[in-house]
Amino acid sequence: MADDYRRQGFELERRIFELDIKCSSLRAEKQDDDYLQNASAILDKLKSYYRQGGESSNLSKLLQDYTQVILDITFYEENKLVDQEFPEDCSPFKIQQLLQDLTEPEVLAGRLAPAQEVQSVLGLELLECLYWRRGALLYMYCHTLHQRKQWIKKNKDTFLKCIQEGVRYLMRMLQVRNSVKLNDGVVLHDTATASFLSEGIFSDTHLLTMMYIGEMCFWAVKYEDCSADTMERKEDRLQFRDIGTQILNKYVLACEGPLQGQGWNTENAKEILSILQ
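Along every chain, residues carry numbers that run from 1 in the direction the sequence is written. Owing to the predicted nature of the model, reporting of local features is limited to residues with pLDDT of at least 70; listing and counting of side-chain atom pairs is limited to 80 or more, with chain, interface and lining totals taken over all residues. Here the side-chain values reflect all heavy atoms present in the structure, with hydrogen atoms and water set aside.

A look at the packing of helix 2 (residues 34-51) against helix 3 (residues 59-83)
Under the convention used in this document: Comment: axis = line fitted to C-alpha atoms, over the contacting stretch for helices; angle = value between 0 and 180 degrees taken between N-to-C directions. For helices the rule is a DSSP run of H or I covering at least 4 residues; for strands it is a run of E covering at least 2, with both sets numbered from the N terminus onward. Geometric relationships in this document are graded by angle, where less than 35 degrees denotes roughly parallel, more than 145 denotes roughly antiparallel, 65 to 115 denotes roughly perpendicular, and other angles denote oblique. Crossings are assigned a handedness: left-handed for a near helix turned anticlockwise from the far helix by less than a right angle, right-handed for a clockwise turn. What makes two residues a contact is simply this: any of their non-hydrogen atoms within 4.5 Å. All residues other than Ala, Val, Leu, Ile, Met, Phe, Trp, Tyr, Cys, Pro, Asp, Glu, Lys and Arg, Gly among them, are scored as polar; the first ten of these are nonpolar and the last four charged.
Two numbers describe how helix 2 lies on helix 3: the axes approach to 8 Å, and their chain directions differ by 150 degrees. One element, helix 2, and the other, helix 3, form an angle in the roughly antiparallel class. Crossing hand, helix 2 versus helix 3: left-handed. Between helix 2, through Y35, L36, N38, A39, I42, L43, K45, L46, Y49 and Y50, and helix 3, the contact on the second element is made entirely by K61, L62, D65, Y66, Q68, V69, D72, I73, F75 and Y76. For the contact of helix 2 with helix 3, a count of residues per class yields 14 nonpolar, 2 polar and 4 charged.

Thoughts on the packing of aromatic side chains
Note the threshold: By convention, a stacked pair of Phe, Tyr or Trp rings (six-membered ring in the case of Trp) has centres within 6.5 Å and planes under 30 degrees apart, an edge-to-face pair has planes over 60 apart, and any other such pair is tilted. Between buried and exposed lies partly exposed: a residue is buried under 20% and exposed over 50% of the maximum accessible area for its type, with that area taken using a 1.4 Å probe on protein chains only.
One pass over the full model with this rule turns up 8 aromatic pairs. Measuring from centroid to centroid gives 3.7 Å for Y139 and Y212, while their planes differ by 10 degrees, and the two rings are stacked. Within this pair, whereas Y139 is found in helix 6 (residues 124-145), its partner Y212 is found in helix 10 (residues 204-224), the two being separated by 73 residues in sequence. With relative accessibility at 8%, the residue Y139 sits in the buried group. Consider the rings of F159 and Y223, whose centres lie 5.6 Å apart with planes at 90 degrees: the pair is edge-to-face. Here F159 is found in helix 8 (residues 156-175), whereas its partner Y223 is found in helix 10, with 64 residues between them in sequence. A relative accessible area of 0% places F159 in the buried class. Within the aromatic cluster, the residues linked to one another by ring pairs are W132, Y139, Y212 and W219.

Structural data, given as C-alpha cells:
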C-alpha cells in the first residue's frame, strides 16, 4: 500500500510540476487572466504539499485539484482559439491537444484508483464539466466550420467526424448523473423540479447541451448524405436524425413548460425539428 501511495504521488507530482511550467508560460502572455490566476494558486498549494513530503493518502482531493487546474488552463487556451476564429492552419492540432488534456484527468483517475469508479474519485460535477468542455469545444469549432462552405466541400468527412465526437461527449455529459426515477421513493413536492430530474435536466448547462446536440445533429444530417465515406464506416456513425429529434423534443417541452418565460428560446429548435422529423 505504501508503495502504491509513493507511485501515485510521484506521477501526480510530475504532472503538477509540468502544468506549473505551462501555466507560468501562459501567464507571461496575460498576467491578469482570472482562470490562469486560479490555476496558479491551486498549483502553488499542490507544489507546497509535495515539497513538505505529503503522500497521496487523499488521492481523490489531489486529483480533483489537478482536474480544476486542467479546466482553468484549457479554458484560457480555448478562448484564444475562439477569439482567433479557429485559424485553419493550427486549429486541428490545438483542438486535439485540448481534447487530450481534458481527457487526462479521467484516464489518470482510472489508472491511479482502479478500484474506484472515476465519478467517485473526481466527483459528478468535475466529470460532467470534463465532458461538457470537450463537447462544447467541438461544437464551437463545428459552428465556425459550418460557415466555411468551401472548406466543408473539401473536408466533409473531417467535419462529420468532429460532429460525431462532439455529440458523443455531450451525450456522455447528460448521462453522468442518473435521471431521478419518480417511483424510487423520491418525494418531490415541486412538479416542475420532478419533471426536470426525471428527464436528467439538472442545470442550465444541461439544457444548453441539448440545444448543442440538436444543432450538431442537424449539421450532420445536412452533410452526411453527401459524404464519400464507405457504407461500412457510415454504420459506425450515430443516428443523428433520431438523436437530434429526441433531444430537441425534450428541450422544447422543458422550455415551453416549466421554464416558460425564463428566457429560453425554442424557435431554432422547432425549425430544426421541422427538418429532422
